[in-house]
Amino acid sequence: MHWALRICRSIGRVGRESRPFQAMAAQSSTLPVQNGRDAITAGIIIIGDEILKGLTQDTNSFFMCRKLRSLGVKVARISVVPDDVDTIATEISSFAAKFTYVLTSGGIGPTHDDVTFEAVAKAFGEQVCPHPELVALVHRFFGKMDVHCPEMKLAHVPESSLLNYGTDKRTGDAMKYPLVSVRNVYVFPGIPVLMERALEGLGHLFRNEQTRFYSREIYVSADETLLAPMLNQANACFGHHTHLGSYPDWVNNYYRVRLTLDSESEQHLEEAYSFLMQNLHPALIVPLVTDPVARAATDVYALAESGSALGQKVAAALRTMEEALGRFSLAQICVGFNGGKDCTALLHLFHAAVQRRFPQREEKLQVLYIRIVSPFPEMEQFIQATTQRYHLRLCTVQGHIQQALADLKAQQPQLQAVLMGTRRTDPYSRTLTPMCMTDPGWPEYMRVNPLLDWTYRDIWQFLRTLFVPYCILYDKGYTSLGSMSNTQKNPALRYTNALGQESYQPAYLLENEEEERTSRH
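Along every chain, residues carry numbers that run from 1 in the direction the sequence is written. A pLDDT threshold of at least 70 governs which residues receive local features in this predicted model, and a stricter bar of 80 or more applies before side-chain atom pairs are shown or counted, although totals over entire chains, interfaces and linings include all residues. Processing note: side-chain calculations cover all non-hydrogen atoms of the structure and skip hydrogens and water entirely.

Visitor: Would you mind showing me how to read the overall build of the protein chain here?
Guide: Every helix listed is a DSSP run of H or I at least four residues long, and every strand listed is a run of E at least two residues long, numbered separately from the N terminus. Secondary structure summary: the protein chain contains 16 helices and 20 strands in total. For the protein chain, the spread of C-alpha atoms along the three principal axes comes to 85 × 60 × 40 Å. In the protein chain, which comprises 521 residues, the share counted as buried stands at 50%. Approximately 25900 Å² of the protein chain is accessible, and the part contributed by carbon and sulfur atoms is 50%. Charge assignment in this entry is limited to Lys and Arg as positive and Asp and Glu as negative, and neither His nor the chain termini are counted. Each charge is placed at NZ for Lys, CZ for Arg, CG for Asp and CD for Glu. Side-chain charges of the protein chain comprise 51 positive and 54 negative groups, with the mean position of each set lying 3 Å from the other. For every residue, the accessible area obtained with a 1.4 Å probe (protein chains only) is divided by the maximum for its type, and the residue is called buried under 20%, exposed over 50%, and partly exposed between those limits. With residues, only the protein chains shown are counted as cover, and all accessible areas are computed by Shrake-Rupley using a 1.4 Å probe.

Here is the structure:
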C-alpha cells in the first residue's frame, strides 16, 4: 500500500505520451460507433478477487455511475471480474466494442495479482513495455531504477498507452501522476480515494455537452402492490421518453416506496411527474427531507424560532446545550446514546447546536453507548448506522450505568459532562435540573438534561417533523426499548389488519402516554 500513498496526491493535463508510444496510440484511437445522435455510453469493469469473495465492498462503481451521469454519459453495464488476465482481457475487448468509454478499476500495483495492464494489452493484441515517462515517475516517487523492482511494474503498460494528466480540484494544480488509457479504455486505480480523485480531475475527457439527464423523486407511504396499476398506466403513457423506477424500502421510518423519474427531456420529465402527483392521493406523498443531518442547524433553529409549543421546548433545550458548550469543550463532552427515541432526539439537537456554533469543525462528536445484555440486533444496527450518519466517535462500555461511567472515567479522563436524554417521567428523574452533578458515590460528571420537560408526544413530533431517522423497532409496536429479555411490543398498539392478522401500529400513534412503558418488565 505504500506505493499508493506515494502517489495519492498525484493522478491525472491530457494525452501526453513518449515518441515510441505515439504511433501505436494514433493507430488505436477509434471509438465504437454509437446508435443515436447523443448515445454516449460507458461500461465499467471492477477488477478484483476480493470483491467477488466478499472481502471488500465495491464503492467505486457507485461513484463512477454518479459522476459519469453528471457528465452526460449513460452507464450501460457494470461487470465484476477476477484477477485473471484472460477473463479481464475478454471483458475489455467486449466492452470496448460496445461502449463509447470503458472504465476499469483495480489491478494496478506492484504485486503478482495486479494484472490489469497486461490484460488491457492482451485485449488489443499489444505487448506490455516500460513507458519512459512512467519509469521516470517511478524513479521520482520511489527512488528506484532497477527494472526488476516491484515498483517498476507500475511503469510497464500497453504499447499504445496515453498518459492523461488531470487537475486537482482542490488546489487547481496539475496532477503529478497520470492515468493510463488505451484506445477508449481508461485504467483507474482500485483504491477509492485515488480513483475518485482521478475521475474528478479528468472529467473533461468524458463530458458530453449534448446530453443532460433530468430526474425527480417522489416518496410514498404505500406498498408497491397498491401503486402498481397507476405506475403501469404512467409507464404506458410516458415510458417512451421517461424512465420510471419503483424502489420499496421496508426499513425506512417515513416512506415505503421511492419513485424515480429520469429523462433527457425536462418537458417530458415534468409531464410524467405531474401525472403521478395528480393521481397519487395527497396523504400518501411524503415531503421527505433526505439529508436531515446536513441541514440540522437550519431546521432545528427554525423550529426553535417558530413560536410553536414544540418550538419553545426546542429553544429551551438548545439554551441548555449552548450553556454546556460555553462551559466545556467538545473534547470534554459526550452524548449518552443507546439508540432509543429520546437520545436520538437529543443527539440531533446537539448536532444542530454544534453545527451552528462550530460550522468549520472537523472534530467528531463523542457518544457513549452503555451496552446492555442481549440488546436487540435492530438497535445495534441503528447505533452503527447513526455513528456513520453523524460521523460520531463511539465509545462502548458494558455493564450497569454506575460501573460503566467509572470505566469511562478511567478510559477517557478528559470527559467532564454527559448529555442525557432523560425526561421527568423517567424513573428517579422528577427532581433533576437541566444541569446537575452526578450523585455522591458516583463517578463525577456534569449531567446535562436538555429534555427534562419534554413529553413522549414532543419527542415523536420533533423526530417526525424533521424526518430524523430512528430505530425501526418503534415502527413495529415497541414504545420503550430495553433488552430482548425485558421488552415486548406494546399491547396498546395491537390491532387486526385488513387480512385478519394481528399487527401493531407504530409507537408515535400511542394515544395514552402513560402506557409508554407498559411493555417493559
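Visitor: Got a minute to help me understand the nonpolar core in this structure?
Guide: Side chains of a nonpolar character, in soluble globular proteins, are inclined to be buried together. The definition of a nonpolar core used throughout is a set of buried Ala, Val, Leu, Ile, Met, Phe, Trp, Tyr and Cys residues joined through side-chain atoms within 4.5 Å. Among the nonpolar cores identified, the biggest contains 68 residues, and Val314, Leu349, Phe350, Trp454, Phe462 and Leu463 are the most heavily contacted of them. Tallying contributions element by element places helix H13 (residues 341-357) first for this core, with nine residues. Not counting residues within four places of it along the chain, the set of residues in contact with Val314 comprises Val300, Leu303, Ala304, Leu349, Trp454 and Phe462. Within the second largest apolar cluster, 36 residues are counted, among which are Ile47, Val135, Leu137 and Val182. Contacts were defined at the residue level, with two residues in contact if any of their heavy atoms lie within 4.5 Å.

Visitor: Teacher, can you tell me more about the confidence of the model for the protein chain here?
Guide: When pLDDT drops low, the exact placement of atoms in the prediction is not to be read closely. As a per-residue measure, pLDDT tells how confident the predictor is, with possible values from 0 to 100. Summarising the model, the protein chain shows a mean pLDDT of 91, and 93% of its residues fall at 70 or more. Of the regions scoring below 50 in pLDDT, residues 9-20 engages in 42 contacts with residues more than four places distant in sequence or in other chains. Every residue in residues 22-30 is under pLDDT 50, and counting partners more than four places away or in other chains gives eight contacts.

Visitor: It is not clear to me how the pattern of salt bridges should be interpreted in this structure. Could you clarify?
Guide: Between side chains of opposite charge, pairing is possible as soon as their charged atoms come close. Put simply, a salt bridge is a Lys or Arg side-chain nitrogen that is within 4 Å of an Asp or Glu carboxyl oxygen. Applying the stated criterion to the full structure yields 20 salt bridges. The salt bridge partner of Arg424 is Asp453, with a shortest N-O separation of 2.8 Å. Taken together, the residues span a long stretch of sequence, with Arg424 in the loop between strand S16 (417-419) and strand S17 (435-437) and Asp453 in the loop between strand S18 (446-448) and helix H16 (456-465) at a distance of 29 residues. The salt bridge involving Asp439 is made with Arg447; its shortest N-O contact spans 3.4 Å.

Visitor: How do you make sense of helix H5 (residues 85-98) when you look at a structure like this?
Guide: For an α-helix the count is 3.6 residues per turn, leaving residues at separations of three or four pointing the same way. Here a helix's expected span is defined as the number of its residues, less one, multiplied by 1.5 Å. Over its 14 residues, H5 extends 20 Å from the first C-alpha to the last, a length consistent with the 20 Å expected when each residue adds 1.5 Å. For H5, every residue scored as buried is listed here: Val85, Ile88, Ala89, Ile92, Phe95 and Ala96. The buried residues of H5 occupy an angular sector of 135° when projected down its axis, which confines them to one face. Away from its buried face by more than 90 degrees, H5 exposes Thr90 and Ala97. Starting at the helix axis, one direction is taken to each C-beta atom, and the arc is that of these directions.

Visitor: Explain a nonpolar patch on the surface here, please?
Guide: Together, Leu52, Ile78 and Val80 make up a nonpolar patch on the protein surface, roughly 240 Å² of accessible area in all. Relative to the assigned elements, Val80 resides in strand S2 (residues 74-81). Two joining distances apply to patches: 9 Å for like charges and 5 Å for nonpolar side chains (Val, Leu, Ile, Met, Phe, Trp, Tyr), and every residue must have over 30% relative accessible area and no salt bridge.

Visitor: Quick question: what am I supposed to make of helix H12 (residues 309-327) here?
Guide: Counted at 1.5 Å a residue, the expected span for H12 with its 19 residues is 27 Å, and the 28 Å between its end C-alpha atoms agrees. Taken residue by residue, H12 has Leu310, Gly311, Val314, Ala315, Ala317, Leu318, Thr320, Met321, Ala324 and Leu325 as its buried positions.

Visitor: Is there a simple way to think about the pairing of strand S8 (residues 185-188) in this case?
Guide: The side chains of a regular strand alternate, first on one face of the sheet and then on the other. Taking every second residue as pointing to the same face, both faces of S8 are buried, with Val185 and Val187 on one and Tyr186 and Phe188 on the other. Criterion used throughout: strands pair if DSSP finds at least two bridges between them. One ladder, built from four bridges, connects strand S3 (residues 101-105) with S8; its direction is parallel. Paired with Leu103 across the strands is Tyr186, a residue of S8. Sheet topology places strand S7 (residues 179-182) next to S8; three bridges connect them, and they run antiparallel.

Visitor: Can you help me understand the sheet that holds S16 in this one?
Guide: Read from one edge to the other, the open sheet built from six strands follows the order S15-S14-S13-S16-S18-S17, with strand pairing classed as mixed. The open sheet has two edge strands with one neighbour each: strand S15 (393-398) and S17. Going from strand to strand, the sheet's axes swing by 30° on average, the running direction of each strand aside. Here helix H15 (residues 401-411) sits on the sheet in contact with strand S13 (333-336), strand S14 (366-371) and S15, set at roughly 130° to S15. Axis definition: a line fitted to C-alpha atoms, limited for helices to the stretch in contact. Angles are taken between N-to-C directions and run from 0 to 180 degrees.

Visitor: What is the right way to look at the packing of aromatic side chains in this model?
Guide: Aromatic rings in a pair are described by how distant their centres are and how their planes are angled relative to each other. Stacked, edge-to-face and tilted labels apply to pairs of Phe, Tyr and Trp rings (six-membered ring for Trp) whose centres lie within 6.5 Å, assigned for plane angles under 30 degrees, over 60, and everything in between, in that order. Using the criterion set out here, one finds 16 aromatic pairs in the structure. Both rings, one in Trp454 and one in Phe462, keep their centres 5.6 Å apart while their planes meet at 70°; by these two values the pair is edge-to-face. By way of ring pairs, the aromatic residues Tyr254, Trp460, Phe467, Tyr470, Tyr474 and Tyr508 are connected into one cluster. Positioned above the aromatic ring of Tyr301, the side-chain terminus of Arg356 is 4.0 Å from the ring centre. By definition here, charges over rings are those cases where NZ of Lys or CZ of Arg is within 6 Å of the ring centre and within 35 degrees of the ring normal. Lying over the aromatic face of Tyr508, Arg464 brings its terminal NZ or CZ to 3.8 Å of the ring centre.

Visitor: What exactly am I supposed to notice about the environment of Ser105 here?
Guide: Considering the arrangement of structural elements, one finds Ser105 in strand S3. Separated by 416 residues in sequence, Ser105 and His521 have C-alpha atoms that sit 54 Å apart. A distance of 3.2 Å separates a polar atom in the side chain of Ser105 from the backbone oxygen of Pro189. Polar contact criterion, stated in full: a pair of N or O atoms within 3.5 Å, where within protein one must be able to donate a hydrogen and the other to accept it, and residues adjacent in sequence count only if both atoms are side-chain atoms.

Visitor: Even after reading the chapter, I still don't get the pairing of S15, so can you show me in this structure?
Guide: Sheet topology note: the S14/S15 ladder contains six bridges and is parallel. Within the sheet, the bridge partner assigned to Tyr369 lies in S15 and is Thr396. Crossover S14 to S15 through helix H14 (residues 377-389) is right-handed. Here, the term right-handed applies to a crossover whose path from the first strand over the helix to the second runs clockwise when the strands point away from the viewer.

Visitor: Looking at this structure, how should I read the side chain of Ser429?
Guide: Residue position: Ser429 is located in the loop between S16 and S17. For Ser429, a relative accessible area of 4% translates into the label buried. At a separation of 3.1 Å, a polar atom in the side chain of Ser429 contacts the main-chain carbonyl oxygen of Pro427. Ignoring sequence-local partners within four residues, the contact set of Ser429 consists of Thr422, Arg423, Arg424 and Leu452.

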